[in-house]
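Letter by letter, the chains look like this.
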Amino acid sequence: MFARILGLLAKVLVKTPAKIVLGLIAAYFLFAWFGFEPLVKWAAPKFIADKSRHSLSIAETRFDPFALSLSVKGLKLAEPNGKPLLAFDELFVDFEAASLFKWAWTFDAIRLTGPRARVELLADGRLNWSALIEAFKDEEEKPDSPLPRLLIHRIVLEKGRVDVADRKVDFETALSPLALTLTHLSTLPEDKGAHTLAATTEIGARVRWKGDLSLNPVLASGELAVDSLPLAKAWPYLEARLNMAPPEGVAALGLKYKVGWANKKLSLNVDDLGLAVDKLALRGARAAAPAVTLERVALSGGRFDLGRRSLDIGEIALNGGRVALVRAADGRIDIQDWFAAPGQGPAAAPPDTTAKAPAPAAPAKAGQGAEQAPEQAQNKAPAAADQPWRIGLGRFSLDQMAIHVTDLGFVVPLTAEVGNLKIGFTAHA
């Protein structure tokens with residue numbers, strides 16, 4: 001009898017853990033299939049509304065318990081007044097179960113399809129995202145903590161669009177279509193991944209970006225190219241500072257960069273910097289014809305080193321064009337008026353030359369200067385941040401340029417013109 005009781009008890013004890021495990025597995029799959037979507041669609045909008053009063057809606061969510069993948073479709077985030085902030089067609093996240101044994105969060109792929117974001121600088125200087133960011137900001141500052149161990153094999157952003165607006169200068173444009181690909185993004189030590197970006201803006205400019213990115217330590221290097229940028233589209237940012245008509249011309253920019261952040265210090269190096277403007281035309285705000293026309297302005301071979309505080313330019317070349325200058329009766333050149341902003345207030349009063357100069361310092365006593373010299377020399381030694389900038393220009397050239405000058409200081413205006421002008425020189429400062 002006693003043996004039968006022990007046998008029955010052993011069977012129950014053996015079966016109970018199995019039942020618990022089977023129950024947990026069944027609960028996991030039932031929640032993934034039937035409970036995950038209603039919970040997310042209810043909890044996420046409520047959390048956002050309670051925290052920031054913004055509105056969030058989600059059309060569909062799915063969690064695959066076998067593949068450990070998540071899909072979120074039709075997400076829309078808007079400000080309390082209803083203005084859209086962010087939306088996307090689908091976010092797909094594929095999590096690797098093997099990461100549980102690698103001691104790192106590992107994702108096989110993250111794909112974002114059809115994202116649409118709006119970034120707006122308001123008239124008061126705040127961003128339209130500021131309220132949302134401040135709502136989730138911690139009230140107490142926490143000390144810097146190491147980055148979580150993260151590994152993402154592939155991140156893809158496709159069919160994206162970013163609307164950018166600046167209400168302070170009434171400027172608006174969009175990056176569309178936006179495509180971004182990152183591979184092997186990792187926060188593990190010495191790991192780095194490649195990234196590429198391709199986008200076309202509504203103003204016609206094309207952006208291409210590729211390089212490598214490491215998050216531990218923070219280090220990025222690569223190449224950036226922007227071409228087909230109409231200068232007139234950037235005019236709202238300069239209009240308040242220059243008394244000119246919108247410039248004509250198309251610009252292109254290219255460079256290689258290397259930027260890092262270590263020991264709370266920023267490092268930045270730029271190589272192969274090139275900038276070109278074709279069909280440039282500049283004229284005053286009330287001028288009928290342009291005063292400066294250039295077929296091409298090109299800067300090449302530029303190098304910038306933030307640590308060494310140096311800027312070197314291989315060449316600046318101005319090819320083909322005409323400069324027309326007018327000298328008024330008071331000796332002022334008309335181009336000078338371009339740099340006086342409309343509505344500019346009166347010039348600052350000249351310095352008071354009658355003020356007394358400071359009295360000279362008393363001479364040091366005998367022996368005192370020798371004792372204090374090392375200390376004074378040490379105190380006067382400039383810090384690294386106070387080192388002067390070094391600027392070098394390998395060559396400046398003018399080729400096939402014409403200059404036309406009209407001098408109104410005579411009873412009969414004097415005119416002179418030089419054609420097919422060629423000049424070349426170097427400069428260092």
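What you see is a predicted model, and the numbers here were worked out from it, not measured in a lab. (Residues numbered from 1 in each chain as written. Predicted model: local features only at pLDDT ≥ 70, side-chain atom pairs only at ≥ 80, totals over all residues. Heavy atoms only, no water.)

Got a minute to help me understand the overall build of the chain in this structure?
When its secondary structure is counted, the chain shows three helices and 18 strands. Sorting the 429 residues of the chain into buried and exposed places 28% on the buried side. By sequence separation, contacts in the chain at least 24 residues apart represent 54% of the contacts at least 6 residues apart. (Helix = DSSP H or I, 4+ residues; strand = E, 2+ residues; numbered from the N terminus. Buried < 20%, exposed > 50% of the residue type's maximum accessible area, 1.4 Å probe, protein only. Contact = heavy atoms within 4.5 Å.)

Is there a simple way to explain the pattern of salt bridges in this structure?
Oppositely charged side chains are able to pair whenever their charged atoms sit close together. Applying the stated rule across the entire model yields 24 salt bridges. In this structure, Glu60 engages Arg62 in a salt bridge whose closest nitrogen and oxygen atoms are separated by 2.8 Å. Here Glu60 falls in the partly exposed class, since its relative accessible area comes to 26%. Its relative accessible area of 55% is what places Arg62 among the exposed residues. What you see here is one network of salt bridges that share partners, running through Arg118, Glu120, Arg167 and Glu172. (Salt bridge = Lys/Arg side-chain N within 4 Å of Asp/Glu carboxyl O.)

Whenever I open this one, the packing of aromatic side chains confuses me. Can you help?
Two measures describe an aromatic ring pair: the distance that separates the ring centres and the angle between the ring planes. In total, this model carries six aromatic pairs according to the counting rule given. Seen in terms of ring centroids, Phe95 and Trp105 are 6.0 Å apart; in terms of plane orientation they differ by 50 degrees. Their pairing is tilted. In this pair, Phe95 is assigned in strand β4 (residues 84–95) and Trp105 in strand β5 (residues 105–113), connecting sequence segments ten residues apart. Here the aromatic rings of Phe95 and Phe107 are separated by 5.4 Å at their centres, their planes lie at 70 degrees, and the arrangement is edge-to-face. Of this pair, Phe95 sits in strand β4 while Phe107 sits in strand β5, placing them twelve residues apart in sequence. Overall, the relative accessible area of 16% leaves Phe107 in the buried class. Pairwise contacts between aromatic rings join Phe95, Trp105 and Phe107 into one cluster. (Phe/Tyr/Trp six-rings, centres within 6.5 Å; stacked < 30°, edge-to-face > 60°.)

Sorry, what's going on with the environment of Ala416 here?
Within the secondary structure layout, Ala416 lies in strand β18 (residues 414–428). On the basis of relative accessibility, which here comes to 44%, the residue Ala416 falls in the partly exposed class. Linking Ala416 and Val405, residues eleven residues apart in sequence, is a C-alpha distance of 5.3 Å. Discounting chain neighbours no more than four positions away, the residues touching Ala416 are Ile403, His404 and Val405.

Explain the pairing of strand β17 (residues 390–407) to me, please; I cannot follow it from the model alone.
Here is the key point about a regular strand: its side chains alternate between the two faces of the sheet. Pairing geometry for strand β15 (residues 310–313) and β17, over four bridges, is parallel. Within the sheet, the bridge partner assigned to Ile313 lies in β17 and is Leu393. In this structure, strand β16 (residues 315–327) lies alongside β17, joined through eleven bridges in parallel fashion. In the strand pairing of β17, Val323 is matched with Ile403. The pairing of β17 with β18 spans eleven bridges and is antiparallel. Bridging across to β18, Gly392 finds its partner in His428. The turn linking β17 back onto β18 is made up of six residues. (Pairing = 2+ DSSP bridges.)

Just checking my understanding: could you explain the environment of Ala199 for this structure?
With respect to the helices, strands and loops of the structure, Ala199 is situated in strand β9 (residues 193–201). Sequence spacing of Ala199 and Ala179 is 20 residues, and the spatial spacing of their C-alpha atoms is 6.2 Å. Once residues within four sequence positions are removed from consideration, Ala199 is found in contact with Pro177, Leu178, Ala205, Arg206 and Val207.

I keep staring at the nonpolar core and nothing clicks. Help me out?
Where a protein is soluble and globular, its nonpolar side chains tend to be buried together. In this structure, Met244, Leu282, Val292, Leu294 and Trp338 are the most contacted members of the largest nonpolar core, which totals 20 residues. Put simply, the parts of the chain that give this core at least two residues each are β13 (265–282), β14 (292–305), β16 and β17. Sort the elements by how many residues they give to this core and β17 lands first, with four residues. In this structure, Leu282 is in contact with Met244, Pro247, Pro290, Ala291, Val292 and Trp338, ignoring residues within four places of it in sequence. In terms of nonpolar packing, the next biggest core, distinct from the first, is built from 15 residues, Ile48, Val72, Leu132 and Ala199 among them. (Core = buried A, V, L, I, M, F, W, Y, C linked by side-chain atoms within 4.5 Å.)

Would you take a moment to explain the pairing of strand β2 (residues 60–64) for this structure?
For β2 and strand β3 (residues 69–78), the ladder comprises five bridges, and the chain directions are antiparallel. Counted as the bridge partner of Thr61 is Val72 from β3. The loop that links β2 with its antiparallel partner β3 comprises four residues; one of these, Leu68, has a positive phi angle of about 55 degrees.

Hey, could you run me through the side chain of Thr61 in this one?
Structurally, the position occupied by Thr61 is in strand β2. Given the relative accessible area of 2%, Thr61 is considered buried. The contact partners of Thr61, leaving out residues within four places of it in the chain, are Phe36, Glu37, Val40, Lys41, Ser71 and Val72.

Mind showing me how you'd approach unusual backbone geometry here?
Within the chain, Arg309 stands out as a residue other than glycine whose phi angle is a positive 55 degrees. Unlike most non-glycine residues, Gln400 shows phi in positive territory, near 55 degrees. With respect to the helices and strands, Gln400 occurs in strand β17.

Quick question: what am I supposed to make of the environment of Asp166 here?
Among the secondary structure elements, Asp166 is positioned in strand β7 (residues 150–166). You can call Asp166 buried: its relative accessible area is 8%. Expressed as a C-alpha distance, the spacing of Asp166 and Ala123, which sit 43 residues apart in the sequence, is 7.8 Å. Here Asp166 is in contact with Leu121, Phe171 and Tyr237, once residues within four sequence places are set aside.

Shape is all these values report; function is a separate question.
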